[in-house]
Every structure is written in C-alpha cells, then in structure tokens.
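Chain residues, written in single-letter form:
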Amino acid sequence: MHYYDLHSHSVASDDSRATVEQYLKWIGTLRKRGLQVDGIVLTEHRQFSLDADYSALSEQFGITVLRGAELDTRHGHFLVYGISDKLASAIDPTDVAMDPFQLMETAEANGAIAIPAHPGRAGIGLAAWISDGIEFPQVSIVERLNGGNRPEEADAAEKLVAEKGYSGIGGSDAHFVSAIARCLTAFDAPISSETELVEALRAFEFTAVRLEDTQE
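Here's a quick rundown of the structure.

## Notes on the sheet that holds strand β4 (residues 76–81)
For step 1, the next point in the chain: Spatially, β5-β4-β3-β2-β1-β8-β9 is the arrangement adopted by the 7 strands of the open sheet, whose pairing is mixed. With partners counted over all chains shown, the strands left at the sheet margins are β5 (113–116) and β9 (206–210), one partner each. Looking at each pair of strands side by side, their axes are set apart by 30° on average, direction ignored.
For step 2, the next point in the chain: With 7 bridges joining them, strand β2 (residues 39–45) and strand β3 (residues 64–73) adopt parallel strand pairing. By the bridge assignment, Glu44 is partnered in β3 with Ala69.

Right, dumping it as structure tokens:
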C-alpha cells in the first residue's frame, strides 16, 4: 500500500505555523520509527497555489508533495484536487459563500474533484447541513478521518459514512509540524501527480487509515 495525507496546511495558509520542509523532515522521523508515509497534499485555505513548486523538496526528501486546496462554501468546506489553470479561471477560491453544488460540478467538468472536508464538524460539516434538510446527491466521497477532529466529530463522520454509504479519505488537517500524517489515505498504486490522484479517487481505489495502521 501507499499512504498519502490528503489534507494539510503550510504557512501559506493564514492559520498554520509549519513550513513544507518542516513537514517533510518530520515525516522522515516517522519513517525511522517504522511508519510509512509516501506523500502529502497541501490544501491551503482559499487559494489554488498555482505557482507553487515543491519538486525540489520532494526529490530531496523522497516524499511526494502535491497541491490541492480547501475552499469555503455556503455549505461547508471542500477539499479540491486536480487544480489547473482552467479550473482557476472558472472558480474564485476566495469566495467564502460559493455554491458547493456548482463547485463540485465545475471541478468535475475541469478534470478535478471536490470532496467535503471534516463532515462531522459542528456547524460547518456535511452532517450538519444534511440534518438541516439539504441533500447532496453529487457527494460519494467525504473526508472520513481528519486528524483535527474532536471525538464527537469523528463519531458524527463515521455515522454519516455508514448511513449514506460514502467512501472515505483520510487527512491530518495539520497546521503544525507534529500533526502531519496523523490520518492518511491508502492507495494500491503510488500517486505521483495531481492527475493520478484524481483518477484514483474517481476509481474509488482507496481507504482511510490512521498513521499507526502503517506500522511496518
């Protein structure tokens, strides 16, 4: 299996204190402890980071570093993977009141995918909006495991996945160094690009795991 943290924030996000290099150094420490982490996706808040290039750091540390985004919508936060110039021209990532249904549709039309983040989180998670009577027929995948969840939020996410039959990804939602990779997504094949990540997600070739599950 190959393990990737699909939700992380560096200092490019306004509420994070960790650099990408610090994350990769910490992952090196985790590897020395017998834990397996193959890559991370930087999902910075309300931005697409189109000019960000992590290839040198990725090569230096032997860890795949991909770009994504965490966008605010009027019905919660969404993790977006497969960002391109075309998608960026169709969506304003700073719009905190964007229509989530339009976001999912536009992402799909432009070779990307938008997945609800921390669905059990009080007030802003998908479960809360569904309890208010809003239906999300386009959703088939949610962030099942989030390293920043409180126990009750984790329970709400598990309940939602069970009731709706959603597939689930995992991400740390790290904002500080030692939080990286607490939750991960396991794939059968290695992921080396945003395009491969989207393809694997659309094929439902993944499962959510915790860091301790990767112990060799």
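## Some details on the side chain of Ser8
For step 1, the next point in the chain: Residue placement: Ser8 occurs in strand β1 (residues 2–8).
For step 2, the next point in the chain: A polar atom in the side chain of Ser8 sits 2.8 Å from the backbone oxygen of Val41.

## Considerations on empty space enclosed by the protein
For step 1, the next point in the chain: Per the counting criterion, the structure on display carries 1 cavity of 30 Å³ or more.
For step 2, the next point in the chain: Of the volumes computed, that of the largest cavity is approximately 30 Å³.
For step 3, the next point in the chain: Lining the largest cavity we find His75, Gly76, His77, Phe78, Pro116, Ala117, Ile124, Gly125 and Leu126.
For step 4, the next point in the chain: For the lining of the largest cavity, the element with the highest residue contribution is β4, accounting for 3 residues.
For step 5, the next point in the chain: The class makeup of the residues in the lining of the largest cavity is 5 nonpolar, 4 polar and no charged.

## Overview of the layout of surface pockets
For step 1, the next point in the chain: By volume, the largest pocket amounts to about 230 Å³.
For step 2, the next point in the chain: In terms of lining, the largest pocket is formed by 15 residues, of which the most central are Glu108, Ile113, Ala114, Gln138 and Ser140.
For step 3, the next point in the chain: Among the elements of the structure, α4 (100–109) and β5 are those that each provide at least two residues to the lining of the largest pocket.
For step 4, the next point in the chain: Of the residues contributing to the lining of the largest pocket, the split by class is 10 nonpolar, 2 polar and 3 charged.

## Describing the pattern of salt bridges
For step 1, the next point in the chain: The final tally for this structure, using the stated rule, is 8 salt bridges.
For step 2, the next point in the chain: Here Arg46 ties to Asp72 by a salt bridge, and the two come within 3.6 Å at their closest N and O atoms. Placement of Arg46 in the loop between β2 and α2 (55–61) and of Asp72 in strand β3 is noted, with a sequence separation of 26 residues between them.
For step 3, the next point in the chain: Here Arg121 makes a salt bridge to Asp173, at a shortest N to O gap of 3.4 Å. Note that Arg121 is positioned in the loop between β5 and α5 (126–131) and Asp173 in the loop between β7 (167–171) and β8 (183–187), a separation of 52 residues in sequence.

## Regarding the packing of aromatic side chains
Describing an aromatic ring pair means giving the distance of the ring centres and the angle of the ring planes.
For step 1, the next point in the chain: The final tally for this structure, using the stated rule, is 4 aromatic pairs.
For step 2, the next point in the chain: Taken together, Tyr4, Phe187, Phe204 and Phe206 form an aromatic cluster joined through their ring pairs.

## What about the nonpolar core?
For step 1, the next point in the chain: Ranked by size, the top nonpolar core spans 23 residues in total, and within it Leu71, Leu103, Leu126 and Tyr166 carry the most contacts.
For step 2, the next point in the chain: For this core, the elements supplying multiple residues, two or more each, are β3, β4, α4, α5 and α6 (151–164).
For step 3, the next point in the chain: Non-local contacts of Leu126, meaning those with residues more than four positions away in its chain, are made with Pro116, Pro119, Phe136, Val139, Val142, Leu160 and Tyr166.
For step 4, the next point in the chain: Ranked by size, the runner-up nonpolar core spans 22 residues in total, among them Val20, Tyr23, Ile40 and Leu184.

## Comments concerning the pairing of strand β6 (residues 141–146)
For step 1, the next point in the chain: Burial runs high along β6: 5 of the 6 residues are buried.
For step 2, the next point in the chain: The sheet contact formed by β6 and β7 spans 5 bridges and is parallel. In the sheet register, Ile141 faces β7, and the bridge partner there is Ser167.
For step 3, the next point in the chain: Running through α6, the crossover from β6 to the neighbouring parallel element β7 is right-handed.

Cut-offs and rules
- Residues numbered from 1 in each chain as written.
- Predicted model: local features only at pLDDT ≥ 70, side-chain atom pairs only at ≥ 80, totals over all residues.
- Heavy atoms only, no water.
- Pairing = 2+ DSSP bridges.
- Helix = DSSP H or I, 4+ residues; strand = E, 2+ residues; numbered from the N terminus.
- Axes fitted to C-alpha atoms, helices over the stretch in contact; angles between N-to-C directions.
- Polar contact = N/O pair within 3.5 Å; in protein donor to acceptor, adjacent residues only side chain to side chain.
- 1 Å grid on protein atoms, 1.4 Å probe; cavity = no way out; pocket = protein on both sides within 12 Å on 5 of 7 lines; lining within 4 Å.
- Points joined across faces, edges and corners; volume = space filled by probe spheres on them.
- Nonpolar A, V, L, I, M, F, W, Y, C, P; charged D, E, K, R; others polar.
- Salt bridge = Lys/Arg side-chain N within 4 Å of Asp/Glu carboxyl O.
- Phe/Tyr/Trp six-rings, centres within 6.5 Å; stacked < 30°, edge-to-face > 60°.
- Core = buried A, V, L, I, M, F, W, Y, C linked by side-chain atoms within 4.5 Å.
- Buried < 20%, exposed > 50% of the residue type's maximum accessible area, 1.4 Å probe, protein only.
- Contact = heavy atoms within 4.5 Å.
- Right-handed = clockwise from strand over helix to strand, strands pointing away.

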